[in-house]
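Tertiary structure, described
Next come the chains, spelled out residue by residue.
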Amino acid sequence: MSTVTDQFRRVFGEDPEGVWEAPGRVNLIGEHTDYNNGLVLPIALPQRTYAAARRRVDGTLRLSSTSGGEVEIALHDIAPGVPDGWGRYAAGVLWALREAGHLVGGLDIAIDSTVPIGSGLSSSAALEGAVAAAASDLFGLGLLADDSTRTTLAALCQKAENVIAQAPTGGMDQAASLRCTEGHAILLDCRNGHVSQIPFELRSHGLVLLVIDTKAQHANSDGQYGRRRAACERAAAELGVTSLRDVPYSHLAQALHKLEHDHELFARVQHVVSEIQRVRDTVEALEAGELAEVGLLFTSSHLSLRDDFDVSCDELDVAVDSAIGAGALGARMTGGGFGGSAIALVPERLAYDVERAVTNAYQRRGFTKPAFFRATPAGGARRTE
Ligand code: ADP
Ligand code: MG
């Protein structure tokens, strides 16, 4: 019997009808490209959020999370920013399903999670995905059936996060949580939602993907995220394109020439357009088995995010530099930046050396002790019990 089932019984006094799970994710490359209609390449993680759920007849949603406490709200009261706190991510999903015309009633839901919260590994989309999976099955919506229905569900989870949780994020996290398959990264084209499953296998190359949780989260990262998005929109408008995706890499020099008067837009465009190309190059290198090249692309991505997009921080830079210094083939920040996590592509035999090097460097700088795990590509949301 799972802990989340126990938790459900303790809190709600009866058995759940089932348990659903959805993963966090780590993005291999393609950062700050999703809201520019670009390309991203995430894997789903074995770390999951679990939702034990049971239908109610009275149109009330009751939530209980081991990491958030309890929330109760009538479905018709869910609105932008309501309920406040963590419950809005879960409530938002039911709101989005109802907005889309699905017949969804009240629920009791107990939540437990192994996804680190606020570490840039998308605990928010894992929470949304687990609740969405439960609601889809319990109300007979069939939205877990295949990639096309999962695409619909991912869009509704994104709407929940954007409108009810009021976080202006792109669609990568929800797509990863709902559309990834075991052993693969997804190449997601954010212009049309198209996904290609890209085999991602490191063991036969003697490599591991080390995730370094910096434990740092700098203030106002949300505000910075909004400013970067706005700058990208301004740049697209100045260049006369719908989004920066419409600037081909082969036209980057001309585009930059037009932005020479504005250093900020110049640097942002330089990052976004080159990063989209790095995603393509990474897929090509993975398919050719050229993992050293993948490492170099990770590092170039980090430098571009640090110097041109200006979303790194000391903790991320120290993690990347010391990982590379200790033998990683490449490393980069992953997620929105200003804290969160970094990833490093590391020969298995050097993995502990890299961990030690990063830990020592953090100690020298007086940073909070970082955490590490080795990421393997897992499958998307599903019913567990
Ligand atoms: P990330 O998605 O990178 O972990 P976010 O800031 O997008 O970071 O989302 C974190 C927020 O999501 C938390 O502050 C909380 O409100 C909510 N959340 C995620 N997982 C849980 C959980 N298991 N229980 C309660 N709230 C959660
Ligand atoms: Mg999130």
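Let me sum up the structure you'll find in this document. Because the structure is predicted, anything quoted here is derived from the model rather than measured.

**Notes on the nonpolar core**
Among the nonpolar cores identified, the biggest contains 75 residues, and Val 26, Leu 41, Leu 209, Val 269 and Val 346 are the most heavily contacted of them. No other element matches helix H8 (residues 263–287), which puts nine residues into this core. Formed jointly, this core draws a minimum of three residues from each of two domains, domain 1 (2–198) and domain 2 (203–375). Excluding anything up to four places from it in sequence, Val 269 contacts Ala 235, Leu 239, Leu 244, Leu 252, Leu 256, Leu 259 and Ser 274. Listed in part, the 41 residues of the second largest apolar core include Ala 90, Ile 111, Cys 157 and Ala 381.

**As for the packing of aromatic side chains**
One pass over the full model with this rule turns up three aromatic pairs. With 5.4 Å between their ring centres and 65° between their planes, Tyr 35 and Tyr 225 make a pair best called edge-to-face. On the criterion of sequence distance, the pair formed by Tyr 35 in the loop between strand E1 (18–27) and strand E2 (39–40) and Tyr 225 in helix H6 (residues 221–239) is long-range, its members being 190 residues apart. Taken as a pair, Tyr 35 and Tyr 225 share a single burial class, namely buried. The ring of Tyr 352 carries Arg 374 above its face, with NZ or CZ at 5.0 Å from the centroid.

**Section: a negative patch on the surface**
A cluster of acidic side chains, namely Glu 284, Glu 287, Glu 290 and Glu 293, defines a negative patch on the protein surface. Turning to its location among the elements, Glu 284 is positioned in helix H8. According to the relative accessible area criterion, Glu 284 is exposed, its value standing at 57%.

Calculation rules
Residues numbered from 1 in each chain as written. Chains lettered and ligands numbered in written order. Predicted model: local features only at pLDDT ≥ 70, side-chain atom pairs only at ≥ 80, totals over all residues. Heavy atoms only, no water. Core = buried A, V, L, I, M, F, W, Y, C linked by side-chain atoms within 4.5 Å. Buried < 20%, exposed > 50% of the residue type's maximum accessible area, 1.4 Å probe, protein only. Helix = DSSP H or I, 4+ residues; strand = E, 2+ residues; numbered from the N terminus. Domains from an automatic or database assignment. Contact = heavy atoms within 4.5 Å. Phe/Tyr/Trp six-rings, centres within 6.5 Å; stacked < 30°, edge-to-face > 60°. Lys NZ or Arg CZ within 6 Å of the ring centre and 35° of its normal. Patch = residues over 30% accessible without salt bridge, like charges linked within 9 Å, V, L, I, M, F, W, Y side chains within 5 Å. Areas by Shrake-Rupley, 256 points an atom, 1.4 Å probe, with all protein chains shown as cover. Salt bridge = Lys/Arg side-chain N within 4 Å of Asp/Glu carboxyl O. Lys, Arg positive; Asp, Glu negative; His and termini not counted. Charge placed at Lys NZ, Arg CZ, Asp CG, Glu CD.

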